Amino acid sequence: MSNNEKVLKKAQKLSIHEKMFQCPICGGAMKVERMASLECENRHCYDISRQGYVNLLNHSSKTKYDKALFEARNTISGSGFFGPMVEAVTNRLIHELKSRESVKSVKLLDAGCGEGSHLSTIGHKLREHPLVPGILGVGMDIAKEGIVMAAKTSPDSIWCVADLSRSPFADQQFDYILNILSPSNYSEFRRLLASGGSLVKVIPDRLYLQELRTLFYTGTGKEVYSNDSTIELFSRHFEQIDAQRVQYRVVLDNDQMKQLVRMTPLSWSASPEAIGPMLDESMEVTADFKILYGWNQG
Ligand SMILES: [Zn+2]
């Protein structure tokens, strides 16, 4: 397929869903124009890339999240490190979607999707399930490198480079918002959720990567982690909440350990002396997550 044909195919898919978008500059309604870009009524224009994502940032953004980091995260996803956590989220969604009376399709936004592996896995499992209605997966992240990888590996979903503080979607578009190990913007989440929709937020729990924390931070006061303030903030924004803890241990080989150290912000402020010895060994590490579910009535 030529690049033009690839863009055309993506543009056709986007045009079916163009009402979902709104211009991040002026808030205007958007349309797919010339089968090549999304354009608002005030002529702000966002090109559809040949890899099939749309860049809706109106400035370039420099983040710590570069290509190497997303490759590391993809390797760790492939190692199964996130497996039971992603499965817990998927099972909960399947349970809720099965009991829905309406059979209309369900829109799922992954806000801060990175390189897209969680949304890909969850979307794939939901689509496979015979009792779950049609799923449209939409992933957004401010880091273009992540979105480029996501669009290449998982063409089933719609992928956008965008800023969560001015997300490029119209009000009440999503039945679910996933926010996995990524910063939140609750006023945007509230605006984007459809009536009866819910936010699924995954945060580290107390023992998450405790082996790394001990090695990096013993004696610095940073060796103990608490998510209390995050949970408190979450509960202030939703009338009803529910929480689930998912904890397990995973053995990673020395190459996977290298990628884990590269991936985790824990290592960004650790000394090279603390990190060095970890890179030559396999290790058993603790995965410990809290999954928060929040929704509003009406
Ligand atoms: Zn505009």
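About the criteria used
- Residues numbered from 1 in each chain as written.
- Predicted model: local features only at pLDDT ≥ 70, side-chain atom pairs only at ≥ 80, totals over all residues.
- Heavy atoms only, no water.
- Helix = DSSP H or I, 4+ residues; strand = E, 2+ residues; numbered from the N terminus.
- Rg over C-alpha atoms; globule rule 2.2 N^0.38 Å.
- Buried < 20%, exposed > 50% of the residue type's maximum accessible area, 1.4 Å probe, protein only.
- Contact = heavy atoms within 4.5 Å.
- Areas by Shrake-Rupley, 256 points an atom, 1.4 Å probe, with all protein chains shown as cover.
- Lys, Arg positive; Asp, Glu negative; His and termini not counted.
- Charge placed at Lys NZ, Arg CZ, Asp CG, Glu CD.
- UniProt positions renumbered as here; feature names shortened; annotations may be inferred.
- Donors = N, O, S within 2.8 Å, 3.2 Å for Na, K, Ca; no water.
- Tetrahedral: all angles 85-135°; square planar, octahedral: opposite > 155°, others 65-115°.
- Axes fitted to C-alpha atoms, helices over the stretch in contact; angles between N-to-C directions.
- Parallel < 35°, antiparallel > 145°, perpendicular 65-115°, else oblique.
- Left-handed = near helix turned anticlockwise from the far one by under 90°.
- Nonpolar A, V, L, I, M, F, W, Y, C, P; charged D, E, K, R; others polar.

Let's shift gears to the overall build of the chain. Scanning the chain from N- to C-terminus turns up 10 helices and 11 strands. The C-alpha atoms of the chain give 20 Å as radius of gyration, which agrees with the globular expectation for 298 residues (19 Å, within 12%). Its C-alpha atoms put the chain at 60 × 45 × 35 Å along the principal axes. Looking at the chain residue by residue over its 298 residues, the buried ones come to 51%. Partitioning the contacts of the chain with sequence separation of at least 6, the portion at a separation of at least 24 is 71%. Summed over all atoms, the accessible surface of the chain reaches about 14,100 Å², with 49% contributed by carbon and sulfur. Across the chain, the mean location of the 35 positive side-chain charges is 4 Å away from that of the 35 negative side-chain charges.

A word on the UniProt feature "domain: Methyltransferase type" (unreviewed entry) in the chain. Here, UniProt's "domain: Methyltransferase type" (unreviewed entry) annotation points to residues 109-197. For residues 109-197, the helix share is 33%, the strand share is 29%, and the end-to-end C-alpha distance is 11 Å.

Turning to unusual backbone geometry, a few remarks are in order. Positive phi values are uncommon outside glycine, yet Arg 43 reaches one of about 70°. Tracing the chain through its elements places Arg 43 in the loop between strand E2 (37-40) and strand E3 (45-47). Unusually for a residue other than glycine, Gln 172 sits at a positive phi of about 55°. Positionally, Gln 172 belongs in the loop between strand E7 (158-161) and strand E8 (174-180).

What follows is about the coordination of the zinc ion. Donor atoms from the polypeptide that coordinate the zinc ion comprise Cys 23 (SG), Cys 26 (SG), Cys 40 (SG) and His 44 (ND1), at 2.1 to 2.3 Å from the metal. Metal-centred angles of 103 to 116° between the 4 donor atoms at the zinc ion mark the site as tetrahedral. As a motif over one chain, the donors of the zinc ion read C-x2-C-x13-C-x3-H. Residue Cys 40 is classed as buried on the basis of its relative accessible area, which comes to 5%. You can call His 44 partly exposed: its relative accessible area is 24%.

Here we take up the packing of helix H3 (residues 83-98) against helix H4 (residues 117-128). Two numbers describe how H3 lies on H4: the axes approach to 10 Å, and their chain directions differ by 40°. Classified by the angle between their axes, H3 and H4 sit oblique to one another. With respect to the hand of their crossing, H3 and H4 are arranged in right-handed fashion. Taking contact as the criterion, the partners of Met 85, Val 86, Glu 87, Val 89, Thr 90, Leu 93, Ile 94 and Leu 97 in H3 are, on H4, His 118, Thr 121, Ile 122, Lys 125 and Leu 126. Tallied by class, residues from the contact of H3 with H4 come to 8 nonpolar, 3 polar and 2 charged.

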